[in-house]
There are 2 protein chains.
Amino acid sequence: MTTIKDIARLSGYSIGTVSRVINHRQDVSEEARQIIEKVIEDENFQPNSNAKMLKQTITSNIAVLVKGTQNVFLEGILERMQEYLRTFGEYVSVSFLDEFTNEVETAAQICSERNPKGIIFLGGNLHFFEEGFSRITVPSVLVTETAAGLGFDNLSSFTTDDSEAAGMAVDYLIRRGHTHIGIIGGSASGEKGEVGTRRLQGAVKRLKESGIPFDQDKQFCSCRFAMKDGYDAAVRMLKKDQEITGIFALSDTVAVGVLRALRDRDIRIPEDISLIGYDGIEHVKYTIPRLATVKQDRDALAKKAVDDLLLRINYSRSAVHGTVPFRVLAGESIADLNKH
Amino acid sequence: MTTIKDIARLSGYSIGTVSRVINHRQDVSEEARQIIEKVIEDENFQPNSNAKMLKQTITSNIAVLVKGTQNVFLEGILERMQEYLRTFGEYVSVSFLDEFTNEVETAAQICSERNPKGIIFLGGNLHFFEEGFSRITVPSVLVTETAAGLGFDNLSSFTTDDSEAAGMAVDYLIRRGHTHIGIIGGSASGEKGEVGTRRLQGAVKRLKESGIPFDQDKQFCSCRFAMKDGYDAAVRMLKKDQEITGIFALSDTVAVGVLRALRDRDIRIPEDISLIGYDGIEHVKYTIPRLATVKQDRDALAKKAVDDLLLRINYSRSAVHGTVPFRVLAGESIADLNKH
DNA sequence: AACGTTTTTGGAAACGTTTACAGTCATATT
DNA sequence: AATATGACTGTAAACGTTTCCAAAAACGTT
């Protein structure tokens, strides 16, 4: 392994000067820079990151915790983030957590074991943050939830305005004459600080505002955000309520399951029941019928979160909380009842 | 930050002894161990990983390179691997690469920058390995391709027997009376050392053996492994050849695109054209109709690769090459022409 | 009691960097 | 000519561990 010492010897300069060249400092003569850079090039020298980090007491890692496995939506954000971070020369260390694992607990553990310089939470349960985030001291960012109300100074958050967006989703149904709407997805307990709950509340709020009756016991079926669970929940919903003409699935993955469940019961979409999803994964363009959905801006989510985190890692800044735009995508899964 | 020095001071022992306790060595008295462990506990001390690694000249990272973005199949393997590795206390640093990026080149770069103790390639192009893998010296494993023929002693590989499995896929069609079969997916160039190419060859071989005519120019449409590309390729195929009764899509994602393309042209599946995919992602159970496919054993792939890599990291062993079982899944997308 | 063994311990060097500090040298200023 | 200034460079001390080596302690054997 070639070290800075070898470069010093080979170039005839001291290790101090070599170090200065490596770190692009100004106080080095042009001549020294040239010579040393040549030697570095020739020797194919790479500074040992451990030594560097030891001295600087940081690691060059950013830890990413993805809440939920097989979550196409979050994985899409992860990919975008990784790609974007790479342009800064930053790498991510990824952990996928199932939905029951406490991500804050896990993050704390990762911090002590690996000492990352920043943490990105892709999804998460606000409850866990409220309870235990004070133990985490590195700059962090939570994506897909808002931590504005928690008041941690090292935790930023970026999300779609879920409540508003969910409202737009049901609004889309309402405008097309649907007055009996079912909602599928979200945590069983209606737990506070959970994505599904916020979307549910936004939807219910809009229903109320529009004067549409909604009986949560009969018209809501909770389920995890997976195709299978969407399928099962749809089956339950059909048993509970036969009058529904429109369904809002709280995630596209759930919607795919719903689609299949309705089909298996020979319920036509959109002729018999209309369906709108949430997230805007690629897949909605290829379902039969194409799925209407609310598309979150994953690029913006990824970019904003990374920009903010990097800024806060390098300069001590306060956390910020932001939202990104969304769009309702039409699809073919919604019937306009007004046209009858 | 509490350091080993603090623990030494607080416990009344020397740094050396504390270090020995931390590393669970035998040559420490029971008494010392107890006392020191108590102090460590009380102080909530975590050894600085950078210092540790500096001394041991390794990092505790395993680098994973995922070839291809938005690849549900590989991401599923990634999740399984990460989860399994975590049980060993190992973490992964992930990079997603688009299909054009040279993963071996990238790995070499990552090695010099971050010095991982092992590398996992999820997908990859054999050509790149043949050309440049000799530069990589850490234990590595390639999943989804076989590197048996390359003869690198530090590169294991695990894969499904793609050729055989693809053969089974077309066989499934052939047995149901299909004699005019189209194949969609795989690299444009029919490039050597590419997943699609191997599957294509396996399929063509089986067609030949069964005495089914196959004109690669007319009955094969190459495309990238994405839904959109599957859609477009299906459109091309329909223009080129009107007589096809069965299609083998070289990945499930492609199949989903094909499904949608056929539907848009009012071609019924399986009545007009039958379709079988490859990979066995969750999704195939929720398409309309449910998609027949060849299911690769992702659990086995993940587990074998990790087991082997960990073994080779800790003991110097030669690389091995293995395959995992596969299964043809029936679905609803295939018509039995014999029944007419 | 004197000696060997074995077990346990402390001291100190090493790992490869960064950086504060002090030094050298040329040039400009008086 | 003496001095101040500034640009550059080298030296050495850190950073928090691990581990080699030798010292000390404990024990058993003669």
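Everything numeric here is computed off the predicted structure, so don't read it as measured data. Residue positions are counted from 1 within each chain, in the order its sequence is given. Lettering for chains starts from A, numbering for ligands starts from 1, and both go in the order in which the items are written. Reporting in this predicted model follows two pLDDT cut-offs: at least 70 for local features of residues, and 80 or more for side-chain atom pairs to be given and counted; totals over whole chains, interfaces and linings ignore these cut-offs and use all residues. As a rule here, side-chain values cover all heavy atoms of the structure and leave hydrogens and water aside.

**A few points about the overall build of chain A**
Secondary structure elements follow DSSP: runs of H or I of four or more residues count as helices, runs of E of two or more count as strands, with numbering from the N terminus. Regarding its fold elements, chain A presents 13 helices and 12 strands. Radius of gyration means the value over C-alpha atoms here, while the globule rule gives 2.2 Å times the residue count to the 0.38 power. Taking 2.2 N^0.38 as the reference for a compact globule, 340 residues should give roughly 20 Å; the C-alpha atoms of chain A span a radius of gyration of 25 Å, well beyond that estimate. Taken along its principal axes, the extent of the C-alpha atoms in chain A is 85 × 40 × 30 Å. Summary of the burial criterion: residues with accessible area below 20% of their type's maximum are buried, those above 50% are exposed, and those between are partly exposed, where the area comes from a 1.4 Å probe applied to protein chains only. Across the 340 residues of chain A, 57% fall into the buried class. Any two residues having at least one pair of non-hydrogen atoms within 4.5 Å are treated as being in contact. Summarising the internal contacts of chain A: among those between residues at least 6 apart in sequence, 69% fall at separations of at least 24.

**Thoughts on the environment of B:Pro47**
Among the secondary structure elements, B:Pro47 is positioned in the loop between helix H3 (30–43) and helix H4 (49–56). Residues in contact with B:Pro47, not counting those within four places in the same chain, are B:Ile22 and B:Lys52.

**Here's the deal with the protein's contact with DNA strand C**
In these notes, residues near a molecule or strand are those with any non-hydrogen atom within 4 Å of it. Taken together, 27 residues sit near DNA strand C, with A:Ile4, A:Ser19, B:Ser14, B:Ser29 and B:Lys55 positioned nearest. Here, DNA strand C places atoms within 4 Å of the protein, and 63% of those atoms are sugar or phosphate. Separating a phosphate oxygen of DNA strand C from a side-chain N or O atom of A:Asn23 is a distance of 3.0 Å. Side-chain atoms alone can form a polar contact between residues adjacent in sequence; in general such a contact is a pair of N or O atoms within 3.5 Å, and within protein one must be able to donate a hydrogen while the other accepts it. Here B:Arg20 contributes a side-chain N or O atom positioned 3.0 Å from a base nitrogen of DNA strand C. Among the secondary structure elements, those contributing two or more residues to the surface near DNA strand C are helix H2 (15–22) and helix H4 (49–56) of chain A together with helix H2 (15–22) and H4 of chain B.

**A short note on the relation of the copies chain A and chain B**
Superposition of chain A onto chain B requires a rotation of 179 degrees combined with a translation of 0.1 Å along the rotation axis, giving an RMSD of 0.3 Å. With respect to symmetry, the two chain copies, as superposed, fit the operation of a two-fold axis. Closest approach to the rotation axis among the C-alpha atoms of chain A is made by A:Ser93, whose C-alpha sits 2.0 Å away. Counting the interface residues of chain A, we find that 98% of their copies in chain B are interface residues as well, pointing to one common contact surface. Least-squares superposition of the copies uses the C-alpha atoms of those residues scoring a pLDDT of at least 70 in each of them.

**Let's talk about the sheet that holds strand S7 (residues 220–221) of chain A**
Within a beta sheet, neighbouring strands are joined by backbone hydrogen bonds and run either parallel or antiparallel to one another. Residues and elements named next belong to chain A. Note: two strands are recorded as paired if DSSP finds a minimum of 2 bridges between them. Strand order across the open sheet formed by four strands is S7-S6-S8-S9, with parallel pairing between neighbours. The open sheet has two edge strands with one neighbour each: S7 and strand S9 (274–276). Packed onto the sheet, helix H8 (residues 162–175) meets strand S6 (181–184), strand S8 (246–249) and S9 and runs at close to 165 degrees relative to S8. An axis is simply a line fitted to the C-alpha atoms; with a helix, the fit covers only the stretch in contact. Between two such axes, the angle follows the N-to-C directions and lies from 0 to 180 degrees.

**Some words on the sheet that holds strand S1 (residues 61–67) of chain A**
Reading across the sheet, the 12 strands line up as S11(A)-S5(A)-S4(A)-S3(A)-S1(A)-S2(A)-S2(B)-S1(B)-S3(B)-S4(B)-S5(B)-S11(B) and stay open at both edges, with mixed pairing between neighbours. At either margin of the open sheet sits one strand with a lone partner, and together these are strand S11 (321–324) of chain A together with strand S11 (321–324) of chain B. When strand polarity is set aside, the average angle formed by the axes of neighbouring strands in this sheet is 20 degrees. Looking at chain direction, strand S3 (residues 118–122) of chain A and strand S4 (residues 140–143) of chain A are connected through four bridges and run parallel. Bridged to A:Leu122 within S4(A) is A:Val143. On the sheet, helix H6 (residues 103–114) of chain B packs against S1 and strand S2 (91–97) of chain A together with strand S1 (61–67), strand S2 (91–97) and strand S3 (118–122) of chain B and is oriented at approximately 160 degrees with respect to S1(B).

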